Amino acid sequence: MMNPAPLSGLYAPSLALVTDLYQLTMAYGYWQQGMQDREAVFHLYFRKMPFKGGYAVAAGLALAVDWLENLQFTDEDLAYLGSLQGRKGEPMFPAAFLDYLRQLRFSCDVEAIAEGSVVFGNEPLLRVRGPLLQAQLLETALLTIINFQTLIATKAARIREATGPTDQVLEFGLRRAQGFDGGLGASRAAYLGGADATSNVLAGQRYGIPVRGTHAHSWVQAFGDERAAFAAYAQAFPDDSVFLVDTYDTLEGVRLAISVARDMRARGHELGGIRLDSGDLAYLSREARAVLDEAGFTQTRIVASNDLEENVITSLKQQGARIDTWGVGTQLVTAYDQPALGGVYKLAALRKADDSGWDFTIKLSEQAAKTSIPGILQVRRYLNEYGRPRADMLYNTAADLPAHTTIVDPADATRRLPIRPETAYRELLQPVFSRGQRVGQLPTLAESRAHAQREVQGLDPSIRRFLNPHIYPVGLEAGLHEYRTQLILERRPVRGA
Ligand SMILES: Nc1ncnc2c1ncn2[C@@H]1O[C@H](COP(=O)(O)OP(=O)(O)OP(=O)(O)O)[C@@H](O)[C@H]1O
Ligand SMILES: O=P(O)(O)OC[C@H]1O[C@H](OP(=O)(O)OP(=O)(O)O)[C@H](O)[C@@H]1O
Ligand SMILES: O=C(O)c1cccnc1
């Protein structure tokens, strides 16, 4: 089926108010202090791997780019901000500041990891460098977009891992999604992460995702008689019919589907498939396959749905289920077992007030893993002799990199991985905006999807497994590790015994 070109400009006109109030109060404060143009560097990253998995799939960059390109405060936005009042009834933001916001145009540098890339905890997916006020203002929207997209793309990749590469995965989640926007975003991310199609028609129009579907139980109920319902559906879609066979008795439903399929075949049409939506899907699919094959319908597909997710799919496969198309809704679009990715956006460097260099900043935490990483970071992915990811190193691009680098595990500094100088690598953060202007072309959604599949398949199976996956090594370049340790020691209050 040909798909029309996707619409662009999802976030036009500007959605500048997709932010938390505190971003705007800080912006006002920076402007008042004359700090608005101090150059700053922020990193967006998550710490804990979603779904206790071994990898995540980066997603959302194209949406973030769309939002950034359209970013400006409209007259309506400014009128609303002008109407906000403080506790004593005074305007929260003075007119001069609103005028400043009116002329504000996005002018940051953005580097990002391509959508569909496999990523791990602590790695900046995005690096923003630019005027402090602006770079700070982007935090909430960037996190909203990247957190959700990455979460759902990762869930979809896991479901794809369970089904294997040749089965079909249909995303059926819209009705159970967190609202229209949640459903639309989830359909995009699910496709990027490995789903083949969606039932969500708006996502088909917006993003060019193939749309697919079967029919509901209500269709059968409306006819009362299953055979009549199937025949009527076949009349409407003689070459695109999938019959839902479990409204009354599943195996009887399969026999009726075959009876209608024979009539269809006599008229030169083939039944596309049947759908199972309840009961023991392993048993019923095996039985259905046997009956279909026996009747000569070996190409008729078996679609299954009913609260499916990667563990159930894995179990069904192990039980010899003969399902070749998986309809997955609730568990995928809501990321049911982990409904949020905890990505953060942290300030890592600030130009000195006298412009004589950088101050690298750090946020301390009781938990060592939560202490931020200072610097202007790049992620270098070292590859093994087969071109597969071996280990990732975060390093500060503003410091010299020695010829012989060593990766230090920030959770346990005694764990070190020396890197031979000839080891092949890729730099994952690539320019997307330079001073607010786009750099290069973004891949299409279908290209990012293909990239995701190559990336996940390029990982060692020990990292891809669901149960206690092997932890992929991600560490700090030794010099950066030492510098960070020194900053922590300088900042941490010393308490005597
Ligand atoms: N053979 C199986 N092994 C493991 N899990 C299965 C198997 N068959 C179905 N499931 C899953 O078990 C869960 C519950 O299935 P069950 O048949 O009880 O569904 P249900 O929704 O309660 O049934 P119904 O739709 O008839 O009310 C679903 O997530 C389903 O995908
Ligand atoms: O189970 P999920 O993974 O969320 O997949 C979507 C579900 O939505 C439909 O059920 P619903 O009962 O809403 O309608 P139906 O009459 O079409 O089955 C469909 O039959 C699936 O079971
Ligand atoms: O087309 C289907 O079979 C479908 C669509 C949405 C939800 N459940 C099933």
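Cut-offs applied
- Residues numbered from 1 in each chain as written.
- Chains lettered and ligands numbered in written order.
- Predicted model: local features only at pLDDT ≥ 70, side-chain atom pairs only at ≥ 80, totals over all residues.
- Heavy atoms only, no water.
- Near = heavy atom within 4 Å.
- Polar contact = N/O pair within 3.5 Å; in protein donor to acceptor, adjacent residues only side chain to side chain.
- Areas by Shrake-Rupley, 256 points an atom, 1.4 Å probe, with all protein chains shown as cover.
- Nonpolar A, V, L, I, M, F, W, Y, C, P; charged D, E, K, R; others polar.
- Patch = residues over 30% accessible without salt bridge, like charges linked within 9 Å, V, L, I, M, F, W, Y side chains within 5 Å.
- Salt bridge = Lys/Arg side-chain N within 4 Å of Asp/Glu carboxyl O.
- Lys, Arg positive; Asp, Glu negative; His and termini not counted.
- Charge placed at Lys NZ, Arg CZ, Asp CG, Glu CD.
- Buried < 20%, exposed > 50% of the residue type's maximum accessible area, 1.4 Å probe, protein only.
- Phe/Tyr/Trp six-rings, centres within 6.5 Å; stacked < 30°, edge-to-face > 60°.
- Helix = DSSP H or I, 4+ residues; strand = E, 2+ residues; numbered from the N terminus.
- Lys NZ or Arg CZ within 6 Å of the ring centre and 35° of its normal.
- 1 Å grid on protein atoms, 1.4 Å probe; cavity = no way out; pocket = protein on both sides within 12 Å on 5 of 7 lines; lining within 4 Å.
- Points joined across faces, edges and corners; volume = space filled by probe spheres on them.
- Domains from an automatic or database assignment.
- Buried area = accessible area lost by both parts, 1.4 Å probe.
- UniProt positions renumbered as here; feature names shortened; annotations may be inferred.

**Q** Just to check I follow, could you spell out the site of ligand 2 for this structure?
**A** Taken together, 13 residues sit near ligand 2, with Arg176, Asp277, Asp307, Gly329 and Thr330 positioned nearest. A distance of 2.8 Å separates an oxygen atom of ligand 2 from a polar side-chain atom of arginine 275. Between ligand 2 and aspartate 277 there is a distance of 2.7 Å, counted from an oxygen atom to a side-chain nitrogen or oxygen. Relative to its unbound accessible area of 480 Å², ligand 2 is 80% covered by the protein chains. Class assignment for the residues of the shell around ligand 2 results in 4 nonpolar, 4 polar and 5 charged.

**Q** What should I look at first to understand a positive patch on the surface in this one?
**A** A cluster of basic side chains, namely Lys48, Lys52, Lys363 and Lys370, defines a positive patch on the protein surface. Using a relative accessible area of 44% as the deciding quantity, one classes lysine 363 as partly exposed.

**Q** Would you take a moment to explain the packing of aromatic side chains for this structure?
**A** When we look at a pair of aromatic rings, we describe it by the centre distance and by the angle of the planes. Applying the stated criterion across every chain yields a total of 16 aromatic pairs. Judged by centre distance (4.8 Å) and plane angle (55 degrees), the ring pair of tryptophan 219 and phenylalanine 223 falls under tilted. Linking tryptophan 219 with phenylalanine 223, this pair stays in helix α9 (residues 217–223), spanning 4 residues, or about one helical turn. Put simply, the rings of Tyr28, Trp31, Phe93, Phe97 and Tyr100 touch in pairs and so form one group of aromatic residues. For arginine 188, the ring lying beneath its charged end belongs to tyrosine 207, and the centroid distance is 5.8 Å.

**Q** Explain empty space enclosed by the protein to me, please; I cannot follow it from the model alone.
**A** Evaluated as defined, the whole model comprises 3 cavities of 30 Å³ or more. Taken as a whole, the largest cavity encloses approximately 110 Å³ of empty space. Considering the residues around the largest cavity, the lining is formed by Ala16, Thr19, Trp67, Leu71, Gln72, Phe73, Leu104, Arg105, Phe106, Gln134, Leu137 and Leu138. Partitioning the lining of the largest cavity into residue classes produces 8 nonpolar, 3 polar and 1 charged.

**Q** Sorry, what's going on with the domain arrangement of the protein chain here?
**A** Reports of interface size often rely on the accessible area that becomes lost once the parts have come together. Split into domains, the protein chain comes out as domain 1 (21–152 + 339–491) and domain 2 (160–333). Regarding the contact of domain 1 and domain 2, the summed buried area is about 1,700 Å², with carbon and sulfur atoms giving 62% of it. Across the domain 1-domain 2 interface, the total number found is 3 salt bridges. Inspection of the domain 1/domain 2 interface yields 8 residue pairs in polar contact (both at pLDDT 80 or more). Of all the secondary structure elements, the ones that give two or more residues to the side of domain 1 that touches domain 2 are α2 (61–69), α6 (139–163) and α15 (445–457). If you tally residues by element for the side of domain 1 that touches domain 2, the top one is α15, at 8 residues. In terms of residue class, the side of domain 1 that touches domain 2 is made up of 13 nonpolar, 6 polar and 3 charged.

**Q** How do you make sense of the UniProt feature "domain: Nicotinate/nicotinamide phosphoribosyltransferase" (unreviewed entry) in the protein chain when you look at a structure like this?
**A** Within this structure's numbering, the places UniProt gives as "domain: Nicotinate/nicotinamide phosphoribosyltransferase" (unreviewed entry) are residues 190–350. Taken end to end, residues 190–350 is 45% helix and 15% strand, and its first and last C-alpha atoms sit 37 Å apart.

**Q** I tried to follow the site of ligand 3 on my own but got confused; where do I start?
**A** Near ligand 3, the surroundings consist of Phe172, Arg175, Ser199, Gly213, Thr214 and Arg275. Threonine 214 is positioned with one of its side-chain polar atoms (N or O) 2.5 Å from an oxygen atom of ligand 3. A distance of 3.3 Å is found between an oxygen atom of ligand 3 and a side-chain nitrogen or oxygen belonging to arginine 275. Relative to its unbound accessible area of 260 Å², ligand 3 is 81% covered by the protein chains. Counted by class, the shell around ligand 3 contains 1 nonpolar, 3 polar and 2 charged residues.

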